[in-house]
Amino acid sequence: DAGITQSPRHKVTETGTPVTLRCHQTENHRYMYWYRQDPGHGLRLIHYSYGVKDTDKGEVSDGYSVSRSKTEDFLLTLESATSSQTSVYFCAISALGPRDYGYTFGSGTRLTVV
Amino acid sequence: EDQVTQSPEALRLQEGESSSLNCSYTVSGLRGLFWYRQDPGKGPEFLFTLYSAGEEKEKERLKATLTKKESFLHITAPKPEDSATYLCAVQASSGSARQLTFGSGTQLTVLP
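Along every chain, residues carry numbers that run from 1 in the direction the sequence is written. Just so you know, chain letters begin at A and ligand numbers begin at 1, following the order they were written in. In view of the model being predicted, local features appear only for residues whose pLDDT reaches at least 70, and side-chain atom pairs are presented and counted only at 80 or more, with totals across whole chains, interfaces and linings using the full set of residues. As a convention, hydrogens and water are excluded, and side-chain values are obtained from all of the structure's heavy atoms.

Caption draft 1: Focus on the pairing of strand β7 (residues 62-66) of chain B. All names here are of chain B. Per-residue accessibility, obtained with a 1.4 Å probe over protein chains only, is compared with the maximum for each type, and a residue is labelled buried under 20%, exposed over 50%, and partly exposed between these values. Numbered from the N terminus, helices here are DSSP runs of H or I no shorter than four residues, and strands are runs of E no shorter than two. When you tally the buried positions in β7, you get 4 out of 5 residues, the bulk of the element. Sheet topology places strand β6 (residues 56-59) next to β7; 4 bridges connect them, and they run antiparallel. Bridging from a neighbouring strand, Glu 56 pairs with Thr 65 of β7. Paired strands, as defined in this entry, are two strands with at least two bridges between them according to DSSP. Between β6 and β7, which pair antiparallel in sequence order, lie 2 residues; one of them, Glu 60, sits at a positive phi of approximately 55 degrees. Direction of pairing for β7 relative to strand β8 (residues 70-75): antiparallel, over a ladder of 5 bridges. By the bridge assignment for β8, Leu 62 is matched with Ile 75.

Caption draft 2: Molecular detail of the state of the cysteines. Residues and elements named next belong to chain A. Disulfides are defined in this document as cysteine sulfur pairs within 2.5 Å. Tallied over the full model, the rule gives 2 disulfides over all chains. Covalently, Cys 23 is tied to Cys 91 through a disulfide, its sulfur atoms 1.9 Å apart. Across the S-S bond linking Cys 23 and Cys 91, the dihedral sits near -75 degrees, which makes this disulfide left-handed. Of the two residues, Cys 23 is situated in strand β3 (residues 19-25) and Cys 91 in strand β9 (residues 87-94); the sequence distance between them amounts to 68 residues. Judged by its relative accessible area of 0%, Cys 23 is buried. Taking the relative accessible area as the measure of exposure, Cys 91 reaches 0% and is therefore buried.

Caption draft 3: Quick peek at the nonpolar core. Judged by nonpolar contacts, the single largest core of 22 residues is most densely connected at Leu33(B), Trp35(B), Leu73(B) and Tyr86(B). Mapped onto this core, the elements with two or more residues apiece are β2 (10-14), β3 (19-26), β4 (30-38), β5 (45-50), β7, β8, β9 (84-92) and β11 (106-111) of chain B. Counting residues per element, this core draws most heavily on β9(B), which supplies 4 residues. Apart from residues no more than four positions distant in its own chain, Leu33(B) is found in contact with Cys23(B), Tyr25(B), Phe48(B), Thr49(B), Leu50(B), Leu66(B), Ser71(B), Cys88(B), Ala89(B) and Val90(B). Only buried residues count toward a nonpolar core, which is a set of Ala, Val, Leu, Ile, Met, Phe, Trp, Tyr and Cys residues joined through side-chain atoms within 4.5 Å. Ranked by size, the runner-up nonpolar core spans 19 residues in total, among them Val19(A), Val60(A), Tyr64(A) and Leu111(A). We call two residues in contact when some of their heavy atoms are within 4.5 Å.

Take a look at the structure:
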């Protein structure tokens, strides 16, 4: 999607290994979010950021950490991947919050933990 | 706890057959209700934001309405290209701002 890219698009990793997913934006938006999407659960918020070095936990933050050292980059790290973290991960950005603008989502990262 | 329930889970329509998707919600003060469209293998795409009961918004064949307990996405004379999963989300006015709580979606298939 224009203005926001996620990498990698697909990843297979082994249980217990660390994994980092990257979200990069060129819109200079203040707010960035990481969601996971699973069948039957919809999109669930993992962590979000409201500025450089300002982050907070979402609904399903256990086992995940994030960092935002630059406005344009928001990293999601799985310190020790587990099979329950197999999912599709979406990054989203927002200017002043979703009012009238909605979120802009990336294309997602499909992560498989074996 | 904010909750969003969408129904039906899946809907198959013939081209031109109008219908509605439902989004029921409970939230501690509604700041906004959002509709998104998601195509397979892609991220959700923003459609509408509704802020207060009675509000309506339209975009091509789609019309979203809002009451105090639910929102409807009406699809008039759908075409096969309207096939997608439609997601509803709410943002509460209390607590941490900005994040959205999503429903599980309605998968719409429009047959030619």
